[in-house]
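Understanding the architecture of this molecule
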Amino acid sequence: MKKAIIISLLALSPTLNAKEIHQSSYGESWPFTVESGELGCYEQAVFFIANDKEYAVNGVAQSKGYDAIEPIWKEDSSLLEYQKAIAKKENKTLRQVQDEMGVSRVNIGPILQEGLKLKTSRRPRQ
């Protein structure tokens, strides 16, 4: 339902833009666990729609109530392997090591930049 609303708004609003993006266009740098989705920007809020959910890509979208992106944001596999090795060496759980080091995720910067490009410079009609 939300996706239908967003698509409807695309036709009506000069300040809302979106486009379909796919893993195949980004290769190994694709930061999500889903293969594709719709990237959008509305008043500086960059969001990603996948599985009928709207995820916040930036803080502006987060402050507007979009869902947290972490459930579909891929972990950086190279750091995960390093954390597993530390956990084994220090006789800790992976969760303990991640709590200490933090979870590293694949860089979402290129998606954010792509989303910000969708923002129009036109002012909405009054």
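This text follows the structure it describes.
Computed from a predicted structure; not experimentally measured.

**Structural notes on the overall build of the chain**
- Of regular secondary structure, the chain possesses 5 helices and 4 strands.
- Written out in order from the N terminus, the α and β elements of the chain read α-β-β-β-β-α-α-α-α.
- Counting every position in the chain, which comprises 126 residues, the buried fraction comes to 37%.
- Counted over contacts in the chain with a minimum sequence separation of 6, partners at least 24 positions apart contribute 48%.
- Here the chain displays about 8,000 Å² of accessible surface, and carbon together with sulfur accounts for 49% of that area.

**What about the environment of A18?**
- By the secondary structure assignment, A18 is in strand β1 (residues 16-22).
- By relative accessible area, A18 is classed as partly exposed at 22%.
- The spacing of A18 and Y42 is 24 residues in sequence and 8.7 Å in space, taken between C-alpha atoms.

**So, helix α5 (residues 109-117)**
- For α5, the complete set of buried residues consists of I111, E114 and G115. When α5 is viewed along its axis, its buried side chains cluster within an angular range of 100 degrees and face the same direction.

**A look at the pattern of salt bridges**
- Under the defined criterion, the tally for this structure stands at 6 salt bridges.
- For E43, the salt bridge goes to K64, with nearest N and O atoms at 3.8 Å. Here E43 is found in the loop between β2 (36-42) and β3 (45-50), whereas its partner K64 is found in the loop between α2 (59-63) and α3 (77-89), with 21 residues between them in sequence.
- Several salt bridges converge on common partners, so that one network encompasses E90, K92 and E100.

**Thoughts on the nonpolar core**
- Within the largest apolar cluster, 18 residues are counted, with the highest numbers of intra-cluster contacts made by F32, F48, V57, I69 and I111.
- Listed by contribution, the elements that provide at least two residues to this core are β2 and β3.
- Tallying contributions element by element places β3 first for this core, with 3 residues.
- If near-sequence neighbours (up to four positions away) are discounted, I111 is found in contact with I21, Y26, W30, P31, F32, L39 and V57.
- A45, I49, A61 and Y66 belong to the second largest nonpolar core, which has 6 residues in total.

**Let's talk about the packing of aromatic side chains**
- Enumeration over the complete set of coordinates arrives at 5 aromatic pairs.
- Judged by centre distance (5.2 Å) and plane angle (80 degrees), the rings of W30 and F32 are edge-to-face.
- Overall, the relative accessible area of 0% leaves W30 in the buried class.
- The exposure class of F32 is buried, given its relative accessible area of 1%.
- Seen in terms of ring centroids, F47 and Y66 are 5.1 Å apart; in terms of plane orientation they differ by 5 degrees. Their pairing is stacked. Separated by 19 residues along the polypeptide, F47 in strand β3 and Y66 in the loop between α2 and α3 bring together distant segments of the chain.

Criteria and thresholds
- Residues numbered from 1 in each chain as written.
- Predicted model: local features only at pLDDT ≥ 70, side-chain atom pairs only at ≥ 80, totals over all residues.
- Heavy atoms only, no water.
- Helix = DSSP H or I, 4+ residues; strand = E, 2+ residues; numbered from the N terminus.
- Buried < 20%, exposed > 50% of the residue type's maximum accessible area, 1.4 Å probe, protein only.
- Contact = heavy atoms within 4.5 Å.
- Areas by Shrake-Rupley, 256 points an atom, 1.4 Å probe, with all protein chains shown as cover.
- Arc of directions from axis to C-beta.
- Salt bridge = Lys/Arg side-chain N within 4 Å of Asp/Glu carboxyl O.
- Core = buried A, V, L, I, M, F, W, Y, C linked by side-chain atoms within 4.5 Å.
- Phe/Tyr/Trp six-rings, centres within 6.5 Å; stacked < 30°, edge-to-face > 60°.

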